[in-house]
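Tertiary structure, described
Single-letter residue listing:
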Amino acid sequence: MRIRTTALPLLAAGVLLAATGCAKEDDAAPSSPAGPRTVTSVSGCGKGSWTDPADLDPDREPARCAPKAPAPRPLSKERSLTIATGTLSAEYVAPLQMAVKKGEFKKEGLNVQLKVLPTPDALPLLAKGDIDAQWAAPEAAVMNGITSGFDIKWTAGNFSPAADSKSGLWVKLKKNETASHVPMAGRKLGTMIGKGSVIAYPMNKALKKHGGGLDEIQFQQLGSADVLTALQNGGTDSAWLLDPVWRKVDGDKQYAFLGGQPRGEPLGGLLFGPNLLTKDPDAGVALLRAYIRTVNTYFAGDYKRDPAFVSDLAKLLKTDEAVLKSTPSLRMDWEIRAGTTDRLQDAYRAAGVSEGDRIPEKKAVNRELYAEAVGHK
């Protein structure tokens, strides 16, 4: 049964259908790989370069290779690739930005352009092959597109929050309420992110702990500059606060943090379209190799402990250095956990933006390419 979405997810899926219908005839169906790919061991990427996808322990150590590994394996002919991203200033985009700055893509024979595009605009381009990859997440619109037959898969993770991060759901407490129990049913929730976003999954999880759910609250779509203000002045009862905005209410007894993104479980990263999945998987592996090498070299641990690196990173992201230092380092993680797309789809259904059978993980996720990049058979 096909998943059906409403509002923005449905619109995005409709655009995907229309865009593909207008594609050139020879672009209508992706070419198939020549055969099974050969995976060889990779120097510097040992046992720790792969973790069991079924391991959902929040304290799981993310996969890591040695710094500067996996080493570049330049393609025989340079490829030009375009990666769409919703922003270039967010910290979770930093590995891509750093890979461009440090020439990690160039070392693989890739000329990579990062192009700012909202997800609804980028999806039809990814499906047609007009762009090669997208730094985004398996949102409701993406899952609907896959159900419709588009050759799009989630091929690498991005990050999970640090143990002391409080990016997530905050509520303004009423009289006699405590952080341990806040009745959420019927309250208003201010957020920049709609119901079809991956944040629906951790948001629903947090709400259920407090007698609510995505179908029992009133969503208020607000601009990034308005979310905190609305929470503080009573315009909304609760809000999903991102880094570093939550610092403004942390420690204030009027507010309580109810939960955020699950630790150890990335909810986004790289989405590949037909160009890198089937037409040129060598370039896809090369792109992932450069991304993974950048994580291992620059973002392997608490990268904010290095003042010089924080300064460089702030300039790269065009953000204030003090703001960047005010929140803990992200746990950069290129792997994808088992069952994440199932849990996301359950949340979309709970939010009322999709219905029908789940898309099987094998149709939405490809771990083979990053496994090849680190030499995991």
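Parameters and conventions
What you see as residue numbers is a count from 1 along each chain, following the sequence as written. Restriction of local features to residues with pLDDT of at least 70 applies here, the model being predicted, together with a cutoff of 80 or more for giving and counting side-chain atom pairs; totals for whole chains, interfaces and linings are based on all residues. With hydrogens and water stripped out, all remaining heavy atoms of the structure feed into the side-chain values. Classification of ring pairs rests on two measures: the distance between centres of Phe, Tyr or Trp rings, Trp counted by its six-membered ring, which must be within 6.5 Å, and the angle between planes, read as stacked under 30 degrees, edge-to-face over 60 and tilted in between. Helix numbering and strand numbering both begin at the N terminus, where a helix is a DSSP run of H or I of at least 4 residues and a strand a DSSP run of E of at least 2. For every residue, the accessible area obtained with a 1.4 Å probe (protein chains only) is divided by the maximum for its type, and the residue is called buried under 20%, exposed over 50%, and partly exposed between those limits. As used in this structure description, the phrase polar contact means that two N or O atoms lie within 3.5 Å; if the pair is within protein, one of them must be able to donate a hydrogen and the other to accept it, and residues adjacent in sequence are counted only when both atoms belong to side chains. Here, two residues are considered to be in contact whenever any of their heavy atoms come within 4.5 Å of each other. Pairing between strands is defined by DSSP: at least two bridges between the two strands are required. Orientation is described by lines fitted to C-alpha atoms, with helices fitted over the stretch in contact, and by angles between N-to-C directions that extend from 0 to 180 degrees. UniProt positions are given in the numbering used here, feature names are shortened, and annotations may be inferred rather than shown by experiment. The disulfide criterion is simple: two cysteine sulfur atoms within 2.5 Å. Whenever a carboxyl oxygen of Asp or Glu lies within 4 Å of a side-chain nitrogen of Lys or Arg, that contact is scored as a salt bridge. Domain start and end points were adopted from an automatic or database domain assignment. Each of two parts loses accessible area, computed with a 1.4 Å probe, when they are put together; buried area is these two losses added. Three classes are used: nonpolar for Ala, Val, Leu, Ile, Met, Phe, Trp, Tyr, Cys and Pro, charged for Asp, Glu, Lys and Arg, and polar for all others, with Gly counted as polar.

With that settled, the discussion passes to the packing of aromatic side chains. Applying the stated criterion across every chain yields a total of eight aromatic pairs. Each ring, one from Phe299 and one from Phe309, has its centre 5.5 Å from the other, and the planes form 75 degrees; the classification is edge-to-face. Taken together, the positions of Phe299 in the loop between helix 9 (281-298) and helix 10 (307-317) and Phe309 in helix 10 put the pair 10 residues apart, joining distant regions of the chain. Taking relative accessible area as the criterion, Phe299 reaches 0% and is therefore assigned buried. Accessibility expressed as a relative area gives 12% for Phe309, which makes it buried. Judged by centre distance (6.2 Å) and plane angle (80 degrees), the rings of Tyr303 and Phe309 are edge-to-face. An aromatic cluster is defined as three or more aromatic residues linked by ring pairs; in this entry it consists of Tyr298, Phe299, Tyr303 and Phe309.

Along the polypeptide, Arg79 turns up in strand 2 (residues 79-85). At a separation of 2.8 Å, a polar atom in the side chain of Arg79 contacts the side chain of Asp280. Residues in contact with Arg79, not counting those within four places in the same chain, are Gly109, Leu110, Asn111, Asp280, Asp282 and Ala283.

In this section: helix 4 (residues 119-128). Among all positions in helix 4, only Thr119, Ala122, Leu123, Pro124, Leu126 and Ala127 are buried. Just past helix 4, the residue Gly129 takes up positive phi, approximately 90 degrees.

This brings us to the sheet that holds strand 12 (residues 269-272). Read across the sheet, five strands follow the order 3-2-4-12-5 without closing on themselves; strand pairing throughout is mixed. Whereas interior strands pair on both sides, the edge strands pair on one side only; in this sheet they are strand 3 (110-116) and strand 5 (153-157). Taken over all neighbouring pairs, the strand axes of this sheet differ in orientation by 30 degrees on average, direction set aside. Where helix 9 meets the sheet, it contacts strand 2, strand 3, strand 4 (133-136), strand 5 and strand 12, and its direction lies at approximately 175 degrees from that of strand 12.

The sites that carry the UniProt feature "domain: SsuA/THI5-like" (unreviewed entry) are, in the present numbering, residues 92-250. With 29% helix and 22% strand, the stretch residues 92-250 has end C-alpha atoms that lie 22 Å from each other.

Moving on, we get to the state of the cysteines. A complete count under the given rule lists one disulfide for this structure. The side chain of Cys45 participates in a disulfide bridge whose partner is Cys65; the two sulfur atoms lie 2.1 Å from each other. Measuring handedness by torsion sign, the sulfur bridge of Cys45 and Cys65 sits at about 110 degrees and is right-handed. With Cys45 in the loop between helix 1 (7-21) and strand 2 and Cys65 in the loop between helix 1 and strand 2, this pair connects stretches of sequence that are 20 residues apart.

Moving on to the pattern of salt bridges. For the coordinates displayed, the defined rule picks out 21 salt bridges. The salt bridge partner of Arg37 is Asp282, with a shortest N-O separation of 2.7 Å. Placement of Arg37 in the loop between helix 1 and strand 2 and of Asp282 in helix 9 is noted, with a sequence separation of 245 residues between them. A relative accessible area of 33% means that Arg37 is categorised as partly exposed. Residue Asp282 is classed as partly exposed on the basis of its relative accessible area, which comes to 37%. As a salt-bridge pair, Arg263 and Asp59 come within 2.2 Å of each other at their nearest N and O atoms. In this pair, Arg263 sits in the loop between strand 11 (255-260) and strand 12 while Asp59 sits in the loop between helix 1 and strand 2, placing the two residues 204 residues apart along the sequence. Through salt bridges that share partners, Glu104, Lys107, Glu108, Arg289 and Arg293 make up one connected network.

Before going further, it helps to examine the pairing of strand 4. Here strand 4 shows two buried faces, one formed by Ala133 and Trp135 and the other by Gln134 and Ala136. Sheet topology note: the strand 2/strand 4 ladder contains three bridges and is parallel. When the bridges of strand 4 are listed, Ala84 appears paired with Gln134. Two strands pair when backbone bridges link them, and strand 4 and strand 12 are joined in this way by four bridges, in the antiparallel orientation. Note on strand 12: the bridge partner recorded for Gln134 is Leu271.

Taken in spatial order, the five strands of this open sheet run 9-8-10-7-11, and their pairing is mixed. Looking at strand neighbours, the two that pair on one side only are strand 9 (218-221) and strand 11, the edges of this open sheet. If you compare each strand with its neighbour and ignore which way they point, the axes differ by 25 degrees on average. Sheet strands touched by helix 6 (residues 200-208): strand 7 (168-172), strand 8 (188-191), strand 9, strand 10 (238-241) and strand 11. Its angle to strand 11, the strand with the most contacts, is close to 125 degrees.

Below, the discussion takes up the domain arrangement of the protein chain. As assigned here, the protein chain comprises domain 1 (79-161 + 266-374) and domain 2 (168-260). For domain 1 versus domain 2, the separation of C-alpha centres amounts to 26 Å. In total, about 1300 Å² of surface goes out of reach between domain 1 and domain 2, with carbon and sulfur atoms giving 71% of it. Where domain 1 meets domain 2, there are zero salt bridges. For the interface between domain 1 and domain 2, the tally reads three residue pairs in polar contact (both at pLDDT 80 or more). Class assignment for the residues of the side of domain 1 that touches domain 2 results in 13 nonpolar, two polar and two charged.

As a further point, take the side chain of Ser238. Within the fold, Ser238 resides in strand 10. Of the residues examined, Ser238 reaches a relative accessible area of 1% and is grouped as buried.

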